[in-house]
Amino acid sequence: MAGDVYSFGILLLEMFIGMRPTDVTFKEGLTLHEYAKMPLPEKVMEIIDPSLLMDVIENNSKIREGRRAKLEECLNAIIRTGVLCSMESPFERMDMRDIVSKLCHTRESFLGRRV
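So, a few notes on the structure that sits alongside this text. (Residues numbered from 1 in each chain as written. Predicted model: local features only at pLDDT ≥ 70, side-chain atom pairs only at ≥ 80, totals over all residues. Heavy atoms only, no water.)

When you line up the elements, Gly-112 lands in the segment after helix H5 (96-111). Since its relative accessible area comes to 65%, Gly-112 is described here as exposed. Along the backbone, Gly-112 and Lys-70 are 42 residues apart, and their C-alpha atoms lie at a distance of 9.6 Å. (Helix = DSSP H or I, 4+ residues; strand = E, 2+ residues; numbered from the N terminus. Buried < 20%, exposed > 50% of the residue type's maximum accessible area, 1.4 Å probe, protein only.)

Okay, here's the thing in structure tokens:
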């Protein structure tokens with residue numbers, strides 16, 4: 001199961017960052033895991049795949065500051081989850097039940113309701 005958690009974490013990072021572990025950016029020991037971990041939490045928006053933020057970018061003047069803060073908070077939680085799942089040591093990785101709970105909580109927080 002620990003291998004599955006690791007793979008899930010990498011997949012989560014790939015989907016939200018828009019890069020693969022084999023990307024040319026990752027040279028000299030830099031990994032997708034490290035790349036995702038470095039900007040947390042203050043600069044998470046800088047590593048998010050811009051195509052995921054097109055609506056935010058296009059309507060930036062129309063989006064309330066509270067909504068932008070909520071988006072950033074949720075993206076932080078998702079990237080942090082991906083990082084915790086992809087820790088090098090299997091003993092440091094999150095448990096799959098905790099992952100599901102964390103992601104469900106993040107979704108509910110973003111939507112502002114219980115789903």
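Having seen the model, we can carry on.
Now for unusual backbone geometry. Pro-41 follows Leu-40 through a cis peptide bond whose omega is -10°. With respect to the element layout, Pro-41 can be found in the loop between helix H2 (32-37) and helix H3 (54-58). The residue Glu-28 is not glycine, and still its phi comes out positive at about 50°. For Glu-28, the location among the structural elements is in the loop between helix H1 (2-17) and H2.

Another aspect to go through is the packing of aromatic side chains. Applying the stated criterion across every chain yields a total of one aromatic pair. Judged by centre distance (5.6 Å) and plane angle (75°), the rings of Phe-26 and Tyr-35 are edge-to-face. Of the two residues examined, Phe-26 and Tyr-35, each falls in the buried class. (Phe/Tyr/Trp six-rings, centres within 6.5 Å; stacked < 30°, edge-to-face > 60°.)

Further remarks concern the pattern of salt bridges. Summed over the entire model, instances satisfying the criterion amount to three salt bridges. With its nearest N and O atoms 4.0 Å apart, the salt bridge here joins Lys-70 to Glu-73. Placement of the pair is Lys-70 and Glu-73 together in helix H4 (residues 65-85), with a separation of three residues, close to one helical turn. Given the relative accessible area of 44%, Glu-73 is considered partly exposed. (Salt bridge = Lys/Arg side-chain N within 4 Å of Asp/Glu carboxyl O.)

Across soluble globular proteins, nonpolar side chains have a tendency to be buried as a group. By size, the foremost hydrophobic cluster in this structure holds 21 residues, and its most contacted members are Ile-17 and Ile-79. Going through the elements one at a time, H1, H2 and H4 are the ones with two or more residues in this core. Dropping the residues within four chain positions of it, Ile-17 is found in contact with Leu-32, Tyr-35, Ala-36, Ile-47, Ile-48, Asp-49 and Ile-79. (Core = buried A, V, L, I, M, F, W, Y, C linked by side-chain atoms within 4.5 Å. Contact = heavy atoms within 4.5 Å.)

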